[in-house]
Amino acid sequence: MTSGWKYVLKQVGLLLVIALLACIFLAIGLMLGYSVFGDGQHASSILSMDKWTELMNKFTGK
């Protein structure tokens, strides 16, 4: 029974690592797209909550 739990924990750990890497690559992609390919000033400003509020307001018409 112990080997079954080891397998499950190993799979959950692998899933968490993949989810973490996906979040990191998403952030890097957003930063590159905003600052290099877009017309943004600072790469890290796309990760701020103010910028996302501004973007959501622009799309929802508020």
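Please read all numbers here as calculations on a predicted model, not as lab measurements.

Caption draft 1: Up close: the overall build of the chain. Looking only at helices and strands, one finds two helices and zero strands in the chain. In terms of overall dimensions, the chain is more spread out than a globule: its C-alpha atoms have a radius of gyration of 18 Å, far above the 11 Å expected for 62 residues. Viewed in the frame of its principal axes, the chain has a C-alpha envelope of about 55 × 25 × 15 Å. Buried positions account for 6% of the 62 residues belonging to the chain. Approximately 5500 Å² of the chain is accessible, and the part contributed by carbon and sulfur atoms is 73%.

Caption draft 2: Up close: the environment of Gly38. Summarising the element assignment, Gly38 is placed in the loop between helix 1 (2-37) and helix 2 (49-60). The class of Gly38 is partly exposed, set by a relative accessible area of 35%. When the C-alpha positions of Gly38 and Ser48 are compared, they lie 16 Å apart, and in sequence the two are 10 residues distant.

Caption draft 3: Fine view of the UniProt feature "transmembrane region" (unreviewed entry) in the chain. As recorded in UniProt, the sites labelled "transmembrane region" (unreviewed entry) are residues 12-37. Structurally, residues 12-37 comprises 100% helix and 0% strand, and the distance from its first C-alpha atom to its last is 36 Å.

Caption draft 4: Looking closely at a nonpolar patch on the surface. A grouping of Val17, Leu20, Leu21, Ile24, Phe25, Ile28, Leu32, Val36 and Phe37 is seen on the molecular surface, where their side chains present a nonpolar patch of about 910 Å² in accessible area. Positionally, Leu32 belongs in helix 1.

Caption draft 5: Layout of helix 2. For helix 2, which comprises 12 residues, the first-to-last C-alpha distance of 16 Å matches the rise-based estimate of 16 Å (1.5 Å per residue) to within 8%. Directly after helix 2, the chain includes Gly61, whose backbone phi takes a positive value near 85°.

Caption draft 6: Focus on the side chain of Lys51. The residue Lys51 is located in helix 2 in this model. Given the relative accessible area of 16%, Lys51 is considered buried. A distance of 3.0 Å separates polar atoms of two side chains, one belonging to Lys51 and the other to Tyr34. What Lys51 contacts, discounting residues up to four positions off in sequence, is Tyr34, Ser45 and Ile46.

Caption draft 7: Inspection of the environment of Ile28 at higher detail. Mapped onto the fold, Ile28 is located in helix 1. When its relative accessible area of 41% is taken as the criterion, Ile28 is described as partly exposed. Separated by 15 residues in sequence, Ile28 and Ala43 place their C-alpha atoms 9.1 Å apart.

Basis of the calculations
Residues numbered from 1 in each chain as written. Predicted model: local features only at pLDDT ≥ 70, side-chain atom pairs only at ≥ 80, totals over all residues. Heavy atoms only, no water. Helix = DSSP H or I, 4+ residues; strand = E, 2+ residues; numbered from the N terminus. Rg over C-alpha atoms; globule rule 2.2 N^0.38 Å. Buried < 20%, exposed > 50% of the residue type's maximum accessible area, 1.4 Å probe, protein only. Areas by Shrake-Rupley, 256 points an atom, 1.4 Å probe, with all protein chains shown as cover. UniProt positions renumbered as here; feature names shortened; annotations may be inferred. Patch = residues over 30% accessible without salt bridge, like charges linked within 9 Å, V, L, I, M, F, W, Y side chains within 5 Å. Salt bridge = Lys/Arg side-chain N within 4 Å of Asp/Glu carboxyl O. Expected span 1.5 Å × (residues − 1). Polar contact = N/O pair within 3.5 Å; in protein donor to acceptor, adjacent residues only side chain to side chain. Contact = heavy atoms within 4.5 Å.

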